[in-house]
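A structural walkthrough
What follows is each chain in one-letter form.
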Amino acid sequence: MELLAAAFSAACAVDHDSSTSESDARDSVAGHLPGSESSSTPGNGATPEEWPALADSPTTLTEALRMIHPIPADSWRNLIEQIGLLYQEYRDKSTLQEIETRRQQDAEIEDNTNGSPASEDTPEEEEEEEEEEPASPPERKALPQICLLSNPHSRFNLWQDLPEIRSSGVLEILQPEEIKLQEAMFELVTSEASYYKSLNLLVSHFMENERMRKILHPSEAHILFSNVLDVLAVSERFLLELEHRMEENIVISDVCDIVYRYAADHFSVYITYVSNQTYQERAYKQLLQEKAAFRELISQLELDPKCKGLPFSSFLILPFQRITRLKLLVQNILKRVEERSERECTALDAHKELEMVVKACNEGVRKMSRTEQMICIQKKMEFKIKSVPIISHSRWLLKQGELQQMSGPKTSRTLRTKKLFHEIYLFLFNDLLVICRQIPGDKYQVFDSAPRGLLRVEELEDQGQTLANVFILRLLENADDREATYMLKASSQSEMKRWMTSLAPNRRTKFVSFTSRLLDCPQVQCVHPYVAQQPDELTLELADILNILDKTDDGWIFGERLHDQERGWFPSSMTEEILNPKIRSQNLKECFRVHKMDDPQRSQNKDRRKLGSRNRQ
């Protein structure tokens, strides 16, 4: 065992870079693992001077892994069967832990910064700094306290806590970064097991219920459950391959190659399921309203202890939640793997395939809802000018709402005898602006329009309460082929900025975007989930990290989510600012790495893997 430990340490030292990167929020706990205190020093007393004497020592981590015994298959199967959390619970607990750990990281580094003077400071400056009390950080809202790692009843296990891992001695041998990578891969597998358990419950407990089959017409059941059986079958095969990989060795070699293959060849079933979401939601609401027997049965089934108090609707959205979460789990692995390694190439390929699947899912949902929305808007419009065709497959609504237009020339603004503003209604599409007046019968009379690319906005300088939240909209070429100017007043500062951002998307924001590739930018993390209420808003999931592009005094932020570069507005109360510049810089560096462009070496490796895959087939 001593020879094995020393050999493994030598392999890890060769394979890993001498400098370790900053740990991310989810994996920071690995730095405090039992046994990891000695992990920075090669295990079992072997020193660097002694390593060359080990003639039979492996020279790479891959070779060293072959020397570790596999875990019996029964151990992994028992672990999977004992997972007590449904995926909804697993996902929530995981993200809450991520938020709390990131908070602790932020606070710890900030305390170290405040307590440790810079190396350039003179002794006199150091003494002065010691006398000063460090500024207390801004008070933050408390999150629900969770004890995932210490609560044995949570069934939320870590790789390092497995009896086989603890007894093997590998925790004293592996480098800290490799332990974090093992945890990231382990989470992907165990979360897939939890997801499969919840998805299987949707099928066995709800879909295949005898009363359910009698109540629902086959067409209603098809809309409600879509192709969930196909999704379940893919998840089962996917989980089985992940289990087999983990049974090969107590130290997991890789999982992203399996993810890549399934994302490329099998995850299209998710696109079919998620694209049906609009019709699924509508059918569910309609069934609840029109069929009392269905409503009663759903209530009874939800009360079953198997469901753990979770609603039926939370099971229906499982596939969409999983495919988006899977992409984030692969990102987490990608942050841990060695740069320019085979595992990095595989993780990048898996992430790219998952991005395409998630994008197709989003486009499928939007296409269904947008078409119906455009038809509804077209029916409500009456054109006072030359009619403009509204319905188009490449057009969708960005924002709509009422604004007040200033009437009369600028010289008459101070006349109190005239009404200063009157209401107009705007429909802003991705390529077109339509300006209307609302008329009786829930109709809109169109009196002007312009291509979105020919719009310019300008914020009016503060001229008192009457002209507060006023901005100027210029149509470089309107419906009459001439330039037109509108002075518009919004109901609040945030509404004004939201309109200006939507009307002129290329307008400079207060802060720079992700694409500028600067290594610091104001950031927030989501601590409360938020569902977008308007087309220009951004739906937030717990633990999302966003760059702040703009913000208002009345509590709204215009942000850009790091993991997918989606932009939109959201209430600042849903988020919490990341205060430490080191953490913000680390988040951006990791994001740049995840989204870096293909290099020639990576392309060659990818082509070689594809060729090998075809030969095996």
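What comes next is a walk through the structure. Model, not experiment: these values are computed from the prediction. (Residues numbered from 1 in each chain as written. Predicted model: local features only at pLDDT ≥ 70, side-chain atom pairs only at ≥ 80, totals over all residues. Heavy atoms only, no water.)

1. A word on the pairing of strand β3 (residues 421-429)
- Of all nine residues in β3, seven are buried; the element is thus mostly enclosed.
- As paired elements, strand β2 (residues 397-406) and β3 share nine bridges and run antiparallel to each other. Bridged to Lys399 within β3 is Leu428.
- Across four bridges, β3 lies against strand β4 (residues 432-439) in antiparallel orientation. By the bridge assignment, Phe427 is partnered in β4 with Val434.
- The turn linking β3 back onto β4 is made up of two residues. (Buried < 20%, exposed > 50% of the residue type's maximum accessible area, 1.4 Å probe, protein only. Helix = DSSP H or I, 4+ residues; strand = E, 2+ residues; numbered from the N terminus. Pairing = 2+ DSSP bridges.)

2. Let's talk about the sheet that holds strand β13 (residues 575-578)
- An order of β12-β11-β10-β9-β13 is seen for the five strands of this open sheet, with the pairing classed as antiparallel. One side of each edge strand has no neighbouring strand; the edge strands of this open sheet are β12 (567-571) and β13. Each strand axis lies, on average, 45° off the axis of its neighbour in the sheet, ignoring direction. (Axes fitted to C-alpha atoms, helices over the stretch in contact; angles between N-to-C directions.)

3. Structural notes on the environment of Leu85
- As for its placement among the helices and strands, Leu85 is situated in the loop between α3 (73-82) and α4 (87-115).
- Counting along the chain gives 110 residues from Leu85 to Tyr195, while the straight-line C-alpha distance between them is 9.2 Å.

4. Things to note about the pairing of strand β10 (residues 545-551)
- Buried residues dominate β10, accounting for six of its seven residues.
- Looking at chain direction, strand β9 (residues 523-526) and β10 are connected through three bridges and run antiparallel. Bridging from a neighbouring strand, Gln523 pairs with Asn547 of β10.
- For β10 and strand β11 (residues 556-561), the ladder comprises five bridges, and the chain directions are antiparallel. Across the sheet, Asn547 pairs through a bridge with Glu560, a residue of β11.
- Linking β10 back to β11 in an antiparallel pair, the connection comprises four residues, with Gly555 at a positive phi of about 95°.

5. Topic: the sheet that holds strand β1 (residues 381-383)
- The strand order across the open sheet formed by eight strands is β1-β5-β4-β3-β2-β8-β7-β6, and the pairing between neighbours is mixed. Edge positions in the sheet fall to β1 and β6 (455-459), since each has one partner strand and no second. In this sheet, adjacent strand axes meet at a mean angle of 40° when their direction is disregarded.
- Strand direction decides the pairing type here: β1 and strand β5 (residues 443-451), joined by three bridges, are parallel. When the bridges of β5 are listed, Glu382 appears paired with Gln445.
- Here helix α17 (residues 342-380) sits on the sheet and contacts β1, β2, β3 and β5; the angle it forms with β1, its principal contact strand, is near 50°.
- Where helix α18 (residues 493-503) meets the sheet, it contacts β2, β3, β4, β6 and β7 (470-475), and its direction lies at approximately 120° from that of β2. (Contact = heavy atoms within 4.5 Å.)

6. Looking at the nonpolar core
- Membership of the largest hydrophobic core comes to 80 residues, with the highest contact counts inside it found for Trp159, Leu202 and Phe267.
- When residues in this core are grouped by element, the largest group, 15 residues, is from helix α7 (residues 176-207).
- With sequence-adjacent residues up to four places away left out, Phe267 is seen in contact with Val234, Phe238, Tyr262, Ile323, Leu326, Leu354 and Val357.
- Counting 23 residues, the second-largest nonpolar core is a separate cluster that includes Leu398, Leu428, Leu455 and Val457. (Core = buried A, V, L, I, M, F, W, Y, C linked by side-chain atoms within 4.5 Å.)

7. Description of the packing of helix α12 (residues 268-275) against α17
- In the contact formed by α12 and α17, the axes pass within 8 Å of each other and the chain directions differ by 20°. As the angle between them shows, α12 and α17 are arranged roughly parallel. For the crossing formed where α12 meets α17, the hand is right-handed. The residues of α17 that touch α12, namely those facing Tyr270, Ile271, Val274 and Ser275, are Val357, Ala360, Cys361, Gly364, Val365 and Met368.
- Its residues assigned to classes, the contact of α12 with α17 comprises eight nonpolar, two polar and no charged. (Parallel < 35°, antiparallel > 145°, perpendicular 65-115°, else oblique. Left-handed = near helix turned anticlockwise from the far one by under 90°. Nonpolar A, V, L, I, M, F, W, Y, C, P; charged D, E, K, R; others polar.)

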